[in-house]
Amino acid sequence: MKYYNIITFGCQMNIADSETLAGELEKREYKATNNLENADIVVINTCAIRDTAEKKILAKIGGLKIWKKTNPKRILAVGGCMTAQKEIPTNLIKTFPFIDIIFGTENLSNFGLLLDEFVKTRKKQIQTAPETKVSRCVEPKRDRQINAWVKIMYGCNNFCSYCIVPYVRGREQSREKLEIINEVKNLIQNGYKQITLLGQNVNSYGNDNPEKYGNFPQLLKEIDKIKGDYRIRFMTSHPKDLTKELIDVIANSEHICHSIHLPFQSGSTAILSAMNRKYTREQYLEKVKLIKSKIHDVELSSDCIVGFPGETEKDFEDTLSLVQQVKFLNMYMFVYSKRKGTAAEKLEQVSDSIKKDRIKKLVGLQNKISAELSKKYVGHDYKVLVEGFDPKENCYVGVTDSGKSVFIKSDKNILGEFKLVHIESCKGSKLYSNIIK
Ligand code: 5AD
Ligand code: SF4
């Protein structure tokens, strides 16, 4: 028996990519293991979005030196966003000569072939140039039978000036509409309860071939017709491409969750322009107003960057006031990290101490808002999907349609079930509930 262990860094898309890699490995009769000592192959799926991610990954690879030395027959593969940068593969091999295979984000479905070749020849395999689109459809090996990620498009055309993604994931390519619909149908038939459609900017689905694929709202509408008890989520949405048509589809759907992840990145129009985001503060707020007026009980979540080059105290205050105004359910808050080759790399940088101070203020404000928002759930009933178990709380974790997590006491295993719960109490932003049925 041969065993594999995949170590994944980064976003949801990387988690989905790791499932594709697992699919390739299982096809070759490898089995998953959590124990590195049992693993015949370790694959590190890397992230390049911020400097902190890259540092962690380098430490991880360094840590595997002894693992490899103990048994040189073991195979170490490193792939993903970090290795898709031009100079990285050569540098990695220089620093860590014990790496056997390196592949980029656009070589996922060739990973199996690279592995076969390495096993046959024991010669290092390095492939980071994009393959063709057709060869991308590898059957992923999914982890749990509750949530499934479905990629609907690859790459990004937006070139936000801080972001490395367009450089490491290439241009936008939509997946075949029928292929997506059939995959979702199969997943629902196989008992999955929640499908999350993934793309760097799902709102531009179909833009590369509108006659053939239509657009994102049309895709959602078709998926929503599939019969069954399930939920559809999607991420990520670029505010500039979120249309009234999409809002209407969500509002009138049966299965699409009333929850939208809509990164605003900055509350200052001047910074948004420097970020190349192509919308103003006012336009963002207008869209939020429309969403809230049309979609019943909707919640929004967001991403935000502090300390972008040139961000003044006034710009940062605009970010705080936008957060105060919109009241996001959840926010992912980041300190700007300079990325090689991006347009913002050359701009004058904000000092580390200012960045630290600003992120602390922003996190403080969001924590207050999350706690405030939680209160409105108390005393009401919600249908939740039980997605996990929290050993610290000794409770199951259910999630409302709007994306709010709720603790549930239960002696019975209720994982993967839809339950109707009554929210009894709230501690900070944590909610505690009892099952009604
Ligand atoms: N520095 C900090 N945060 C970044 N993001 C993207 N690039 C950077 C960067 N260079 C954040 C954005 C994006 C999220 C996935 O990561 O907020 O929405
Ligand atoms: Fe990066 Fe902007 Fe593309 Fe998102 S839309 S992946 S932030 S370039």
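Below: a short report on this structure. Throughout this document, residue positions are counted from 1 along each chain, in the order its sequence is written. Here every chain gets a letter starting at A, and every ligand a number starting at 1, in the order they are written. Totals for whole chains, interfaces and linings use every residue, but because this is a predicted model, local features are given only for residues with pLDDT of at least 70 and side-chain atom pairs only at 80 or more, for both listing and counting. Where side-chain values are given, they derive from all heavy atoms of the structure, hydrogens and water being excluded.

Looking at the overall build of the protein chain
Convention followed: The numbering of helices and of strands both runs from the N terminus, where a helix is a DSSP run of H or I of at least 4 residues and a strand a run of E of at least 2. In this setup the radius of gyration rests on C-alpha atoms only. A globule is expected at 2.2 Å times the number of residues raised to 0.38. Think of it in three bands: residues with accessible area under 20% of the maximum for their type are buried, residues over 50% are exposed, and the middle band is partly exposed, with areas taken using a 1.4 Å probe on protein chains only. In this analysis, two residues are considered to be in contact whenever any of their non-hydrogen atoms come within 4.5 Å of each other. Here the Shrake-Rupley method, with its probe set to 1.4 Å, supplies the accessible areas, and only the displayed protein chains count as covering residues.
Looking only at helices and strands, the protein chain has 14 helices and 19 strands in total. Rg of the C-alpha trace for the protein chain: 22 Å, near the compact-globule value of 22 Å for 437 residues, within the 12% margin. Projecting the C-alpha coordinates of the protein chain onto the three principal axes gives extents of approximately 65 × 55 × 50 Å. With 437 residues in all, the protein chain has 55% of them scored as buried. Summarising the internal contacts of the protein chain: among those between residues at least 6 apart in sequence, 72% fall at separations of at least 24. Accessible surface, the protein chain: about 20300 Å² in total, of which carbon and sulfur atoms supply 52%.

Details of the nonpolar core
As a reminder of what qualifies: The set of buried Ala, Val, Leu, Ile, Met, Phe, Trp, Tyr and Cys residues whose side-chain atoms join them within 4.5 Å is what this entry labels a nonpolar core.
V184, I195, L197 and F216 are the most contacted members of the largest nonpolar core, which totals 67 residues. Apart from residues lying up to four places away in sequence, I195 is in contact with A148, V150, V184, L187, I188, R231, I232 and R233. One finds I57, C81, F96 and I164 within the second-largest nonpolar core, a separate group that totals 26 residues.

Re the sheet that holds strand 11 (residues 231–235)
Stated formally: Two strands are counted as paired when DSSP detects at least two bridges linking them. Angles here are taken between N-to-C directions and fall from 0 to 180 degrees, while the axes themselves are lines fitted to C-alpha atoms, restricted in helices to the stretch in contact.
Spatially, the three strands line up as an open sheet ordered 7-10-11, and their pairing is parallel. Unpaired on one side and paired on the other, strand 7 (147–151) and strand 11 mark the two borders of the sheet. In this sheet, neighbouring strand axes are inclined to one another by 25° on average, regardless of whether the strands run parallel or antiparallel. Here five bridges tie strand 7 to strand 10 (residues 194–198), and the two strands are oriented parallel to one another. Pairing of V150 across the sheet is with L197, part of strand 10. Sitting on the sheet, helix 1 (residues 12–27) touches strand 7, strand 10 and strand 11, and the angle it makes with strand 7 is about 90°. Against the sheet, helix 9 (residues 216–224) contacts strand 10 and strand 11, and its axis sits at roughly 160° relative to strand 11.

Side note on the sheet that holds strand 12 (residues 259–261)
Within the open sheet, the three strands sit side by side as 12-13-14. Their pairing is parallel. Here the strands that pair on one side only, and so sit at the sheet edges, are strand 12 and strand 14 (330–335). Taken over all neighbouring pairs, the strand axes of this sheet differ in orientation by 10° on average, direction set aside. Relative to strand 13 (residues 299–306), strand 12 runs parallel, the two sharing three bridges. Bridging from a neighbouring strand, H261 pairs with S301 of strand 13.

A short note on the site of ligand 1
Operational definition: Consider each residue's heavy atoms; a residue with any of them within 4 Å of a molecule or strand counts as near. Counting of polar contacts relies on pairs of N or O atoms within 3.5 Å, with two restrictions inside protein: one atom must be capable of donating a hydrogen and the other of accepting it, and residues adjacent in sequence are counted only when both atoms are side-chain atoms. Residues are grouped as follows: Ala, Val, Leu, Ile, Met, Phe, Trp, Tyr, Cys and Pro are nonpolar; Asp, Glu, Lys and Arg are charged; all remaining types, including Gly, are polar.
The environment of ligand 1 is formed by I49, R50, Y162, Q265, D303, I305, F334, V335, Y336, S337 and R339. The side chain of R50 places a nitrogen or oxygen atom 3.1 Å from a nitrogen atom of ligand 1. Notes on ligand 1: free accessible area 410 Å², of which the protein chains cover 87%. Secondary-structure elements contributing two or more residues to the shell around ligand 1 are strand 13 and strand 14. Residues of the shell around ligand 1, tallied by class, amount to six nonpolar, two polar and three charged.

Describing the packing of aromatic side chains
The description of an aromatic ring pair uses the distance of the two centres, along with the angle that the planes make with each other. The following threshold applies: Stacked, edge-to-face and tilted are the three classes for Phe, Tyr and Trp ring pairs, Trp counted by its six-membered ring, which pair at centre distances within 6.5 Å; planes under 30 degrees apart are stacked, over 60 edge-to-face, the rest tilted. Working rule: Lys NZ or Arg CZ, within 6 Å of ring centre, within 35 degrees of ring normal, means a charge sits over the ring.
This structure, assessed with the given rule, holds 13 aromatic pairs. Consider the rings of F216 and F234, whose centres lie 5.2 Å apart with planes at 75°: the pair is edge-to-face. Taken together, the residues span a long stretch of sequence, with F216 in helix 9 and F234 in strand 11 at a distance of 18 residues. Here the two residues F216 and F234 agree in accessibility, since each one is buried. Both rings, one in Y279 and one in Y284, keep their centres 6.0 Å apart while their planes meet at 35°; by these two values the pair is tilted. Comparing Y279 with Y284, the two get one shared label, buried. Members of the aromatic cluster, each reached through a chain of ring pairs, are F264, Y279, Y284 and F328. Just above the ring of Y30 sits the side chain of K2; from NZ or CZ to the centre is 4.4 Å. Sitting over the face of the ring of F334, R50 holds its NZ or CZ atom 3.7 Å from the ring centroid.

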